[in-house]
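Architecture and fold: a report
So the chains spell out like this:
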Amino acid sequence: MTLLLACVSVSRNRTNKLGTIPSPCVKVCRIDVDGFCVGCKRTLDEIREWCIMSEYEQQKLLFELKWRKDAARPVQRERTE
């Protein structure tokens, strides 16, 4: 995770066009103990940098957010009686 953020931060040479994908913010803005927003699952760095990310970086982060949300869901077990 830290490595991903470092790579995104280093690639700010702005040869790429800025992304146009709408923010994944769902207006439930609280940072949990793990450092992720409880609404969109982004870190503070990812929230701050969204508007300056390239389209590729935004797509890549959206994929990562889907994984984070899926990983955060509790596993439901079938009841056996």
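Residues numbered from 1 in each chain as written. Predicted model: local features only at pLDDT ≥ 70, side-chain atom pairs only at ≥ 80, totals over all residues. Heavy atoms only, no water.

**As for the side chain of Q58**
Heads up, the condition is: A run of DSSP states H or I qualifies as a helix once it reaches four residues; a run of E qualifies as a strand once it reaches two. Both are numbered from the N-terminal end. Throughout, a residue-residue contact means that at least one pair of heavy atoms, one from each residue, lies within 4.5 Å.
In this fold, Q58 is placed in helix α3 (residues 55–72). Those residues within four positions of Q58 in sequence are excluded, and the remaining contacts are G19, T20, I21, W50 and M53.

**Some details on α3**
Quick note on the threshold: Helix span, expected: 1.5 Å multiplied by one less than the number of residues in the helix. Relative accessible area decides the class of each residue, using a 1.4 Å probe on protein chains only: under 20% of the type maximum gives buried, over 50% gives exposed, and in between gives partly exposed. Here the arc refers to the directions that run from the helix axis out to each C-beta atom.
In a regular helix each residue adds 1.5 Å, so 18 residues correspond to 26 Å; α3 covers 26 Å between its end C-alpha atoms and thus fits that length. Listed in full, the buried residues belonging to α3 are E57, Q58, L61, L65 and R68. Along the axis of α3, the buried positions cluster into a sector of 90 degrees, meaning they face one direction only. Residues of α3 that are exposed and point more than 90 degrees away from the buried face comprise Y56, F63, K66 and W67.

**Quick notes on unusual backbone geometry**
At K27, a residue that is not glycine, the phi angle is positive and equals roughly 60 degrees. Tracing the chain through its elements places K27 in the loop between α1 (2–10) and α2 (44–49). By relative accessible area, K27 is classed as exposed at 70%. Phi angles above zero are rare outside glycine, and K41 is one such case at about 70 degrees. Its place among the elements puts K41 in the loop between α1 and α2.

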